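# Residue-level structure breakdown
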Amino acid sequence: MSGGSGWERIRSTRGGRLSRETSLTGRTARTVRLGRVQPQAPGYRTIYCNDREANLPVRFKGNSISTTKYNFLTFLPKGLFEQFRRVANCYFLFISILSMTPISPVNPVTNVVPLSLVLFVSLIKEAFEDWKRLQNDMVINNNPVDVLHDQVWETIPWKKLQVGDIVRIKQDGFFPADLLFLASTNADGVCYIETSNLDGETNLKIRKAVERTWDYLIPEKAVEFKGEVQCEQPNNSLYTFTGNLIIENQTLPLSPNQLLLRGCSLRNTEYIVAAVIFTGHETKVMMNSMNVPSKRSTLERKLDKLILTLFGTLFGMCLVGAIGSGIFISSDYYYLELQRGVGLEFNPSSRFSVVVLTLFTLLTLYSTIIPISLYVSIEMIKFIQCAQFINKDLHMYHVETDTPALARTSNLNEELGQVEYIFSDKTGTLTRNLMEFFKCSIGGEVYGTGFTEIERGGAQRIGAKLQEAQRSPHAVHEKGFNFDDSRIMRGAWRNESNPDVCKEFFRCLAICHTVLTEGDESPDKITYQAASPDEAALVTAAKNFGFFFYRRTPTMIYVRESHAEKMGTITDVPYEILNVLEFNRWRHGADTVIYERLAAESDELKKITREHLEQFGSAGLRTLCLAYKDLHPETYESWNEKFIQAKSSLRDREKKLDEVAELIEKDLILIGATAIEDKLQEGVPTCIETLARAGIKIWVLTGDKMETAINIAYACNLINNDMKQFIISSETDAIREVEEKGDQVEIARFMKEEVKGELKRCLEEAQHSLCTVSGPKLTLVIDGKCLMYALDPSLRVMLLNLSLNCSSVVCCRVSPLQKAQVTSLVKKGARKITLSIGDGANDVSMIQAAHIGVGISGLEGMQAVMASDFAIAQFRFLTDLLLVHGRLSYLRICKDVSTALSKKYPELYKEGIRNMFFKWRVVWTWAFFSVYQSLIFYHFVTISGTSGKNLSGRMFGLWDVSTMAFTCVVITVNLRLLLMCNSITRWHYISVGGSILAWFVFILIYSLLRENVYFVIYVLMGTFYFYLTIILVPIVALLGDFIYQGVERWFFPYDYQIVQEMHRNDPEDNSRAGLLEIGNRLTPQEERSYAIAQLPRELSKHTGFAFDSPGYESFFAAQLGVHAPQKAWDVARRASMRGKPKPSKKH
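Residues numbered from 1 in each chain as written. Predicted model: local features only at pLDDT ≥ 70, side-chain atom pairs only at ≥ 80, totals over all residues. Heavy atoms only, no water.

So, on to the overall build of the protein. If you tally the helices and strands in the protein, you get 40 helices and 33 strands. Taking contacts inside the protein between residues at least 6 apart in sequence as the whole, the part at least 24 apart equals 72%. A total accessible area of about 55800 Å² is found for the protein, and carbon and sulfur atoms account for 59% of it. (Helix = DSSP H or I, 4+ residues; strand = E, 2+ residues; numbered from the N terminus. Contact = heavy atoms within 4.5 Å. Areas by Shrake-Rupley, 256 points an atom, 1.4 Å probe, with all protein chains shown as cover.)

As structure tokens, this is what we get:
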């Protein structure tokens, strides 16, 4: 009954007091700040498998998860706290409270209702977004899973799963927790998993159970399993796991090869049996996640500082007024009757009370200096920017998937116009994760035609034209194969000078892999499931070369060979699998690994093949070398005995297997090399180049291997051969030597010192390179292990300084949490606007850590989109999102140049990065002119009050002057808005004219309803003085702004003003057909050449320069990377030139 009671006791995830072990676990795993990952503290947990009662005293965490931002109790207090983080809301709350006191001269409704409405709408929005998170959590927590109970599989929801339970996972099912793999329906205790939710990779990976547990597959056997697991404490390292399985007094070592992580899914396996190791928020994927952040734009935070400044100014004004009231109030003014029963605010005998109460009265009266209507207007504009401009932009509409852009929040619109750093995932974001066999080198001969995207991009940069070879009409192009060369296709390789080498090359591709087959055993219908897309591409290539792999068993591989012995013959050949030397970090097909294991002869072939490898690498292709060795049966039998002993070893098994493999993997004969293209998404290199011209730096953060990441960086134009590369890798002989000893403390100490030394060396070289005039651009490549130590507080500043000095940074083999840590490092350390973009669940933490998160609606589900602020279908759409909508949002829809020109001159975006339009200098300029305008109005009021007369000859009274003054204010403010617009459309005329008209309609009606202003406006409109005033006063008030803007545009123009001048005579193209145009676009170099060619070429009669508009020379110099400061006399030449209209285009 004890086992039954343990089974029935399903603990709540959040309930109960944690034991000391669990508390220590939490403290160990959460010692991160700014995303720092520390080596875990010593310690382990003991888990009793298939025995809930034994695990109860430890009180492991339950398997229920929560990703919500609020709960029922915290929503209102936490939600209000989030709203009152805005200084403006605190200010309006303070004013609302004051307006409800007796000292307030205004009705409290005018303050309380707008604030309440703003808060209510914001809280509803927060509740709706969190409700969607709760629904998602409920779906996940209630997913069914089969758990072993009394010799039967019982289905329970994920949330009731406990540590130590034995579970059964069926094909295509997701793992509900971190599991210890025990048994599989596949032979040899293997299973295939997809880890796209962790590292973005959609290819399959192999996991293998410990041989001792293979029999625990059916319930009758699994119920007998009573193993004890001693393993590490929960931590966030996805790629490491250490532990032991103690079963029947036998201790078996455990490795990451036996760990199945939550979020991964089972593929190509009927079902597996596993034991639960980590649950809920202690699983590795959950420890790599972050709490849902509350994002506020940088502009909003700066606005808080501005409001504090304005409030300080307001308080100073009110204090002066209050003190003045306290000084000048006196009982001498007998006609005010201040002696009899007046309130404290007018009592001459208590001047301090007069000052205090008058101060609060004035604060309420002058509170409109910070109008709440401004915030309402801004929120409306933000909503329109999202709903009308971003969501409906056809330039960001993906036709193939029918996916438009989606703005999921309107809080961060203006942030899009100030991004300086972009952090991007690789797989599915930059690439399509589609590998294609493109070229190869066989026996010293290159085969394959065509050019890669990086080759085309390189040719464009130097102005060269590539001669594309005519593609064969019989060329085959299928998934994984984009190869064309008639010399070796359809058995033609038999006519080559080295047919035997070709045959060995194709045979090697067909049998040296771990690919599984699905579907019919025919070339057209078969499907390959591979541990990597490269493997699938190589096997697909072998099929198209006539060596068709169609079946696999645990001991055999079957290949259908065409033309192997003679042309036209087709033979099914079985190959026995004697042993499998699995791929690891020291055993793969890279040239550096293969070449050091080759036989001494064939030096000429090695030299030629290496040249081919360099040629393939410079084209951005992923290369692998192929080699083989003939073994004598006696030699193999002798080696196999050693291999079996190493495989059976319980201590240092991997090390011994590697040592045995080294005995046979030597004196290899080189056959050739393969070149595979990782297809980029359409337009990625052009997009990255455009964003780089805009002053945006792009970092790639990927879980891929270093070689793969570097290849993609080359293909994307992030790295080129002219750059100086700093590579900080854990794959060094010194680190391997220390790792082989197995002392975790010594490994951590040694790696930290190694990383510190590398960072110091690279930083010194970077600083020296930057001091030289013509030094190369710099790039940093670092892997996840080194990054873990580089993010230590003692090294973090050094890493940041080195990274900021580099033009591009590539971080490979990084975990989801490390992606977020790097993002936070730049966000908080460099204080720059950051944007993260990804497409998978492994990118969620990075997306949430940045100022702006962008999700790609890709093939890996919608997790990234659900966590993002903006969603797009393709990486290339970032150009429009940032350079067009980002700039317009930062400028608040005051379009300065057209969409086409925004992308044509990406340098315009730098004005947002430098925050040119919201600096304190800009604020003080506006403040200066507002003071100037207020003096004009004050002077007008004083003159009108003494000399103004109506038709009956009476002097204007208080309400006459104030009504006329406010009319002038309304006209002046609206005309000032029109003056600051960079482009004027009919909507500007409607809004400005409508606002002025609305005032007149209001005052005409209001003056009939209120006694104190009764018929005032009608009397004023009957005087010539009124019309003269509302014309002259706004003109005089705006004269300063007009002169300032004119001088600024002529002598100190912004870049966008220069572009406006260059294209001021361009005909407008409003046709919607242009929005749908895709492709056939000029390259940036061709666009620049075309733009220059279109400029007027006649010489000014005053100068010898071709350009006679302000700042032309400096603007184009900046585009070409040459410093040429503007001169005041250069821009003054513009007055002598008359722009000639361009001839109209004929259609």
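Looking now at unusual backbone geometry. Across residues other than glycine, the phi torsion is negative in most instances, and most of the peptide bonds are trans. Positioned with a positive phi, Gln151 is a non-glycine residue whose angle comes to about 65 degrees. With respect to the helices, strands and loops of the structure, Gln151 is situated in the loop between strand S2 (144–149) and strand S3 (152–157). In the Ramachandran plot, Asp172 falls in the positive-phi region, its phi being about 70 degrees despite a non-glycine side chain. Looking at the secondary structure, you find Asp172 in the loop between strand S4 (166–170) and strand S5 (178–184). Classification of Asp172 as partly exposed rests on a relative accessible area of 46%. (Buried < 20%, exposed > 50% of the residue type's maximum accessible area, 1.4 Å probe, protein only.)

On to a negative patch on the surface. A cluster of acidic residues, Asp652, Glu659, Glu737 and Glu740, forms a negative patch at the surface. Tracing the backbone through its elements, the reader meets Asp652 in the loop between helix H18 (633–648) and helix H19 (653–664). (Patch = residues over 30% accessible without salt bridge, like charges linked within 9 Å, V, L, I, M, F, W, Y side chains within 5 Å. Salt bridge = Lys/Arg side-chain N within 4 Å of Asp/Glu carboxyl O. Lys, Arg positive; Asp, Glu negative; His and termini not counted. Charge placed at Lys NZ, Arg CZ, Asp CG, Glu CD.)

Turning our attention to the sheet that holds strand S22 (residues 547–552). With respect to topology, three strands assemble into an open sheet ordered S22-S23-S24, the strand pairing being antiparallel. Because the sheet does not close on itself, it has two edges, and the strands there are S22 and strand S24 (570–576). Pairwise comparison of adjacent strand axes, ignoring direction, gives a mean angle of 25 degrees for this sheet. (Pairing = 2+ DSSP bridges. Axes fitted to C-alpha atoms, helices over the stretch in contact; angles between N-to-C directions.)

In this fold, Asn89 is placed in helix H5 (residues 87–99). For Asn89, the residues in contact, after removing those within four places along its chain, are Gln83, Phe84, Leu115 and Leu119.

With 52 residues, the main nonpolar core has Ile166, Val167, Phe175, Leu179 and Val229 as its most contacted residues. Excluding residues that lie within four positions of it along the chain, Val229 makes contacts with Arg45, Thr46, Ile47, Cys49, Leu180, Asn244, Leu245, Leu254 and Ile277. Leu680, Tyr714, Ile872 and Tyr909 belong to the second largest nonpolar core, which has 50 residues in total. (Core = buried A, V, L, I, M, F, W, Y, C linked by side-chain atoms within 4.5 Å.)

Turning our attention to the UniProt feature "binding site: Mg(2+)" (unreviewed entry) in the protein. UniProt marks Asp425, Thr427, Asp839 and Asp843 with the feature "binding site: Mg(2+)" (unreviewed entry), using the numbering shown here. In sequence the annotated residues extend across 419 residues, while in space they remain close, none of their C-alpha pairs exceeding 10.7 Å. Relative to the helices and strands, Asp839 is located in the loop between strand S31 (834–838) and helix H27 (844–849). By the element assignment, Asp843 lies in the loop between S31 and H27. By relative accessible area, Asp843 is classed as buried at 0%. Excluding anything up to four places from it in sequence, Asp843 contacts Asp425, Lys819 and Gly838. A distance of 3.0 Å separates the side chain of Asp843 from the backbone nitrogen of Asp839, its partner in a polar contact. (UniProt positions renumbered as here; feature names shortened; annotations may be inferred. Polar contact = N/O pair within 3.5 Å; in protein donor to acceptor, adjacent residues only side chain to side chain.)

In space, the three strands of this open sheet follow the order S7-S6-S12, with antiparallel pairing throughout. One side of each edge strand has no neighbouring strand; the edge strands of this open sheet are strand S7 (204–208) and strand S12 (265–267). Pairwise comparison of adjacent strand axes, ignoring direction, gives a mean angle of 45 degrees for this sheet. Summarising the sheet, strand S6 (residues 190–194) and S7 pair through five bridges and their orientation is antiparallel. When the sheet's bridge partners are listed, Val190 is paired in S7 with Lys208.

Next up on the list: the pattern of salt bridges. Tallied over the full model, the rule gives 41 salt bridges. Between Arg487 and Asp485 there is a salt bridge, with the nearest N and O atoms lying 2.8 Å from each other. Residue Arg487 is classed as partly exposed on the basis of its relative accessible area of 29%. Overall, Asp485 belongs to the buried group, its relative accessible area being 7%. Of the charged contacts, one joins Arg736 and Glu731 as a salt bridge, the two residues approaching to 3.7 Å between their closest N and O atoms. By relative accessible area, Arg736 is classed as partly exposed at 22%.

Among the structural elements, Asp165 can be located in the loop between S3 and S4. Judged by relative accessible area, which is 4%, Asp165 ranks as buried. In this structure the side chain of Asp165 is engaged in a polar contact, spanning 2.9 Å, whose partner is the backbone nitrogen of Gln162. The residues touching Asp165, leaving out its near neighbours within four places in the chain, are Arg52, Val147, Ala274, Ala275 and Val276.

In the structure shown here, the tally under the stated rule is 34 aromatic pairs. Seen in terms of ring centroids, Phe94 and Phe311 are 6.4 Å apart; in terms of plane orientation they differ by 85 degrees. Their pairing is edge-to-face. With Phe94 in helix H5 and Phe311 in helix H10 (residues 298–328), this pair connects stretches of sequence that are 217 residues apart. A relative accessible area of 25% places Phe311 in the partly exposed class. (Phe/Tyr/Trp six-rings, centres within 6.5 Å; stacked < 30°, edge-to-face > 60°.)

Attention now moves to a nonpolar patch on the surface. Residues Leu997, Val1001, Ile1005, Leu1008, Leu1009, Tyr1014, Phe1015, Tyr1018 and Val1019 make up a contiguous nonpolar surface patch of roughly 870 Å² in combined accessible area. Secondary-structure elements contributing two or more residues to the nonpolar patch are helix H34 (986–1009) and helix H35 (1016–1020). By residue number, the principal contributor to the nonpolar patch is H34, which donates five residues. Within the secondary structure, Tyr1014 is located in the loop between H34 and H35.

As a packed pair, helix H25 (residues 793–804) and helix H26 (residues 816–830) sit with axes 11 Å apart at the nearest point and diverge in direction by 90 degrees. For the element pair H25 / H26, the angle class is roughly perpendicular. Taken together, the residues of H26 that come into contact with H25 (itself represented by Arg796, Leu799, Leu800 and Leu804) are Leu825, Val826, Gly829 and Ala830. Split into classes, the residues belonging to the contact of H25 with H26 amount to six nonpolar, one polar and one charged. (Parallel < 35°, antiparallel > 145°, perpendicular 65-115°, else oblique. Nonpolar A, V, L, I, M, F, W, Y, C, P; charged D, E, K, R; others polar.)

In terms of burial, helix H21 (residues 706–715) is a largely internal element, nine of the ten residues being buried. Every buried residue of H21 is listed here: Met706, Thr708, Ala709, Ile710, Asn711, Ile712, Ala713, Tyr714 and Ala715. Just downstream of H21 lies Asn717, where phi reads positive at about 70 degrees.

Let's shift gears to H26. With 15 residues, H26 extends 21 Å from end C-alpha to end C-alpha; this agrees with the ideal 21 Å at 1.5 Å per step. Buried within H26 we find Pro816, Leu817, Gln818, Lys819, Ala820, Gln821, Val822, Thr823, Ser824, Leu825, Val826 and Ala830. Arg831 sits one or two residues past H26 and shows a positive phi near 55 degrees. (Expected span 1.5 Å × (residues − 1).)

Next up on the list: the pairing of strand S26 (residues 669–680). Burial of S26 is extensive: eleven of the twelve residues sit out of reach of the surface. In this sheet, S26 lies alongside strand S25 (residues 622–628) in antiparallel orientation, the contact comprising seven bridges. When the bridges of S26 are listed, Leu626 appears paired with Gly672.

Fine structural detail should not be taken from predicted coordinates in areas where pLDDT scores are low. Model confidence for the protein is summarised by a mean pLDDT of 81, while 85% of its residues fall at 70 or above. A low-confidence stretch, residues 1–42 stays under pLDDT 50, and its non-local contacts, those more than four residues away or across chains, total 81 contacts. Across residues 1069–1083, where pLDDT falls below 50, the model places ten contacts with residues more than four positions away in sequence or in other chains. (pLDDT = per-residue confidence, 0-100.)

Under the counting rule described, the total for this entry stands at zero disulfides. Of all cysteine sulfurs in the structure, the one in Cys812 sits closest to Cys811, which takes part in no disulfide; the separation is 7.6 Å. (Disulfide = S-S within 2.5 Å.)

With that settled, consider the packing of H5 against helix H11 (residues 351–365). Contact geometry of H5 with H11 gives a least axis separation of 10 Å together with a crossing angle of 120 degrees. On the basis of their axis angle, the class for H5 and H11 is oblique. For the pair H5 and H11, the crossing hand works out as left-handed. Contacts between H5 and H11 involve Phe94, Ile95, Leu98 and Ser99 from the first element and Phe360, Leu363 and Thr364 from the second. (Left-handed = near helix turned anticlockwise from the far one by under 90°.)

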